[in-house]
Amino acid sequence: GKKLRVKDLLPVKFEVTDQKMLDEGGGRGVYCCAVSKHPITHQQAVLIKPSGIVMLERLVEDCVLKDLRCPITNAKLKGKEDILKLKQGGTGFAAHNEVEAKSFSMIRSWSADARTQSGHLPRA
């Protein structure tokens with residue numbers, strides 16, 4: 001519920017699997033886990049706060065929680081609060097499953113019709 005401030009933002013370092021696909025606009029599996037190099041598509045990903053590294057959540061217990069260090073940069077973590085779960089972005093209707101409208105209709109209101117009839121706007 002709090003307002004987001006600039007000082008709350010964190011740098012994030014995503015590992016890219018296919019630079020050519022990213023340059024062409026992206027696609028599924030463009031980003032991968034920094035540790036295992038597996039593409040991040042539907043798996044839960046986490047951010048290691050001190051280093052900004054993104055990795056798969058299933059690897060956190062084996063690679064990070066043992067000694068509380070980033071497996072890539074060896075940066076020290078303060079505790080479990082330095083491991084942030086990343087949320088998947090929601091899809092908008094327009095981009096969801098490449099849906100395309102088949103028919104269009106103009107929605108008119110009484111107040112808009114009254115304005116055109118009273119001389120404020122040209123008649124439709």
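Each remark here, short or long, concerns the structure printed above.
Parameters at a glance
Residues numbered from 1 in each chain as written. Predicted model: local features only at pLDDT ≥ 70, side-chain atom pairs only at ≥ 80, totals over all residues. Heavy atoms only, no water. Helix = DSSP H or I, 4+ residues; strand = E, 2+ residues; numbered from the N terminus. Buried < 20%, exposed > 50% of the residue type's maximum accessible area, 1.4 Å probe, protein only. Contact = heavy atoms within 4.5 Å. Pairing = 2+ DSSP bridges. Axes fitted to C-alpha atoms, helices over the stretch in contact; angles between N-to-C directions. Polar contact = N/O pair within 3.5 Å; in protein donor to acceptor, adjacent residues only side chain to side chain. Core = buried A, V, L, I, M, F, W, Y, C linked by side-chain atoms within 4.5 Å.

**Points about the side chain of Ser51**
With respect to the helices and strands, Ser51 occurs in the loop between strand E3 (45-48) and strand E4 (53-56). Since its relative accessible area comes to 8%, Ser51 is described here as buried. Aside from chain neighbours lying at most four places away, what touches Ser51 is Lys13, Cys70, Thr73 and Ala75.

**A closer look at the sheet that holds E3**
Strand pairing in a sheet is mediated by backbone hydrogen bonds. Such pairs are either parallel or antiparallel. Pairing in this open sheet of 3 strands is antiparallel, and the strands run E4-E3-E5 from one edge to the other. Every other strand in the sheet has two partners, leaving E4 and strand E5 (83-85) as the edge strands with one partner each. With strand direction ignored, the average angle separating the axes of adjacent strands in the sheet is 35°. Judged from the 3 bridges that link them, E3 and E5 form a sheet pairing that is antiparallel. The partner of Val46 across the bridge, within E5, is Lys85.

**With respect to the environment of Lys13**
Note that Lys13 resides in the segment before strand E1 (15-16). Judged by its relative accessible area of 47%, Lys13 falls in the partly exposed class. Separated by 34 residues in sequence, Lys13 and Leu47 have C-alpha atoms that sit 8.9 Å apart. In contact with Lys13, not counting residues within four places along its chain, are Ser51, Gly52, Ile53 and Val54. Within the structure, Lys13 has its side chain in polar contact with the backbone oxygen of Ser51 (distance 3.2 Å).

**Quick look at the nonpolar core**
Counting 17 residues, the largest nonpolar core has Ile48, Met55, Val60, Val64 and Ile83 as its most contacted members. Those elements that place two or more of their residues in this core are E3 and E4. If near-sequence neighbours (up to four positions away) are discounted, Val64 is found in contact with Ile48, Met55, Leu59, Arg69, Pro71, Leu77 and Ile83.

**Structural notes on unusual backbone geometry**
In most cases, non-glycine residues show a negative phi, while peptide bonds are predominantly trans. A positive phi angle is found at Leu68, which is not glycine, with a value near 50°. Along the chain, Leu68 turns up in the loop between helix H2 (60-63) and E5. Unlike most non-glycine residues, Asn74 shows phi in positive territory, near 65°. Within the secondary structure, Asn74 sits in the loop between H2 and E5.

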